[in-house]
Amino acid sequence: MRENFKIKSGSLVVGDIDTLDLVDRFGTPLYVTDERIIREKIDRFKKAFPFADILYAAKANWNLSILRIMARENLGSDVFSDGELYMALLAGINREKILFNGNSKTSEELSMAIKSGVKISLDSEDELFTLAKVMEEDKDTGGFSKGAKKAEVFFRVNPGISVDTHPKIATGLIKSKFGIPTDKIVDAYKKTLEFDDIVPVGIHSHIGSQILDISPYKETMERLMDIVGKLEEIGVDIKYVDIGGGLGIPYNAEEEKKAPNPEKLASLIMPIFEDGCNELGIRPRLILEPGRYLVGDSTILLTRVNAVKDAYKKFVAVDAGFNVLIRPAMYGSYHEMAVANKMNGVTKETYTIVGPICESGDILGEDRLLPVVEKGDIIAIFNAGAYGFSMSSQYNGRKRPAEVLVNGDKVDLIRDRETYSDIYGNMVIPPRLL
Ligand SMILES: *Cc1c(COP(=O)(O)O)cnc(C)c1O
């Protein structure tokens, strides 16, 4: 929220740094992250769940420096692809605390997961069989046997639970593509017993993202513990119970009132978890996978106004579009905005803020009350830290923006702005076209 940031002489400040200085130095569009906010969120999460493993969901923001912060805070990571696994390892995240998730993993990805010694969450029985085959092959080539380790696996269960969020980010619905239905999950674990070198150690679920009403987590925890009980009966010893991520953050004033926090989540699920464990006489570790909650409100996107046009509506055309921040176009998400160089300006006009992309849907914000906007002004878009840069693209031949990290009075570039060679660098012209 904008309350995270200060105002000095009418301009927006991140940490102790004037955003206008950042724009002068690094250009626009520019992602600016306040490290202190991330550290505070991590702290709060750790305090609410002192005995759990916190696996940061890399896909929310996998800039290497952000992952490095997570590594230094001793967090693990939920990764969803070979690229995210590569980045998490590069950042120095403890491999013991990396879980390779995903509903459609390739043999190569599974092989990479085993060789790096991370845990794997399987999403189907087919994936279990692919894993078994990959392990057999890797043994033949001597690759895996050197590590002489077994594969530790989870299954992702689809608990069939609906949450009050955007349908595109509800992942625990009965009709969702993720996970194995509750009535088939025990059978999936039984299949692992055929393989000596595949050891089921955990159960995983993730019911959705941007969850503001956290009550469905209660039911999810109940179902998880119910399944853990059934698994113990067939001799599967569960060491990890992973309830996933999804804790929402407020994107507007309305949501601010009902926004959940880690403490509330803890008081909702911990009693069920602990009672369940006591009843079964087991001591598994709880795992949580927050993404958005840790990074979402730490980051502002700064974008420059190229034109103001009085047409059907008053349009403000800026230099960032859905190529830079896709959430408004993809989910109809609301992102609070301000004019970074007119923070004390009186709001008196209603504007629709649009990007430079050749699509009518390239709208960042509709009917926003702002001070009078002029060409050259800098618009600040708040809460851009999660699923912002990480979902960006080069559509329309646009170079991706730079990212900077602020900590108090320190400013560091954590990603260079792309150049033309980043756009064409992977392309090849066949000789017959030369
Ligand atoms: C995306 C994802 C998360 C993180 O979700 P947030 O809403 O960002 O907290 C956690 N676990 C899994 C498996 C995911 O796919």
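Please refer to the structure placed before this passage.
Note that the structure is predicted; figures quoted are calculated from it, not measured. (Residues numbered from 1 in each chain as written. Predicted model: local features only at pLDDT ≥ 70, side-chain atom pairs only at ≥ 80, totals over all residues. Heavy atoms only, no water.)

A tally of regular secondary structure across the chain gives 14 helices and 21 strands. Since a compact globule built from 434 residues should have a radius of gyration of about 22 Å, the 23 Å found for the chain is in line with a globular shape. For the C-alpha atoms alone, the extent of the chain along its principal axes is close to 70 × 60 × 40 Å. With 434 residues in all, the chain has 56% of them scored as buried. About 19300 Å² of surface is accessible on the chain, with carbon and sulfur atoms providing 50% of the total. In the chain, which carries 56 positive and 65 negative side-chain charges, the distance between the mean positions of the two groups comes to 3 Å. (Helix = DSSP H or I, 4+ residues; strand = E, 2+ residues; numbered from the N terminus. Rg over C-alpha atoms; globule rule 2.2 N^0.38 Å. Buried < 20%, exposed > 50% of the residue type's maximum accessible area, 1.4 Å probe, protein only. Areas by Shrake-Rupley, 256 points an atom, 1.4 Å probe, with all protein chains shown as cover. Lys, Arg positive; Asp, Glu negative; His and termini not counted. Charge placed at Lys NZ, Arg CZ, Asp CG, Glu CD.)

Ranked by internal contacts, the top residues of the largest apolar core, which has 84 residues, are Phe49, Met70 and Leu131. Look past the residues within four positions of Met70 in its chain and what remains in contact with it is Ile38, Ile42, Tyr56, Leu75, Ile93, Leu294 and Val295. Among the nonpolar cores identified, the runner-up in size contains 22 residues, and Leu22, Val23, Ile37 and Val411 belong to it. (Core = buried A, V, L, I, M, F, W, Y, C linked by side-chain atoms within 4.5 Å. Contact = heavy atoms within 4.5 Å.)

Right, let's talk about the packing of helix α8 (residues 182-192) against helix α9 (residues 216-233) for a bit. Between α8 and α9, the shortest axis-to-axis distance is 10 Å and the interhelical angle comes to 35°. Remark: the crossing between α8 and α9 carries right-handed chirality. Touching Thr182, Ile185, Val186 and Tyr189 of α8 are Ile227, Lys230 and Leu231, all from α9. (Axes fitted to C-alpha atoms, helices over the stretch in contact; angles between N-to-C directions. Left-handed = near helix turned anticlockwise from the far one by under 90°.)

Taken as a whole, this structure holds 26 salt bridges when the rule is applied. Residue Arg39 is joined to Glu35 by a salt bridge in which the shortest nitrogen-to-oxygen separation is 2.8 Å. With a gap of 4 residues between them, Arg39 and Glu35 both fall in helix α2 (residues 35-48), about one helical turn apart. Arg415 serves as the salt-bridge partner of Glu403, at 2.7 Å between the closest nitrogen and oxygen. With Glu403 in strand β20 (residues 402-407) and Arg415 in strand β21 (residues 410-415), the pair connects residues that are 12 residues apart, well separated along the chain. By relative accessible area, Arg415 is classed as partly exposed at 25%. Within the structure, one salt-bridge network assembled from shared partners comprises Glu35, Arg39, Lys46 and Glu73. (Salt bridge = Lys/Arg side-chain N within 4 Å of Asp/Glu carboxyl O.)

Here we come to the side chain of Asp78. Mapped onto the secondary structure, Asp78 falls in strand β6 (residues 76-79). Buried and unpaired, Asp78 has no salt bridge, with Lys59 as the nearest side chain of opposite charge at 4.8 Å. Not counting residues up to four positions away in its chain, the partners in contact with Asp78 are Leu55, Tyr56, Ala57, Ala58, Glu84, Leu99, Asn101 and Glu289.

Taken together, 17 residues lie around the ligand, and Lys59, Ser209, Glu289, Arg292 and Tyr387 are the ones closest in. Within the contact set of the ligand, an oxygen atom lies 2.8 Å away from a side-chain nitrogen or oxygen of Lys59. Note that an oxygen atom of the ligand is positioned 2.8 Å from one of the backbone N or O atoms of Gly246. Of the residues that constitute the shell around the ligand, the class distribution is 4 nonpolar, 8 polar and 5 charged. (Near = heavy atom within 4 Å. Polar contact = N/O pair within 3.5 Å; in protein donor to acceptor, adjacent residues only side chain to side chain. Nonpolar A, V, L, I, M, F, W, Y, C, P; charged D, E, K, R; others polar.)

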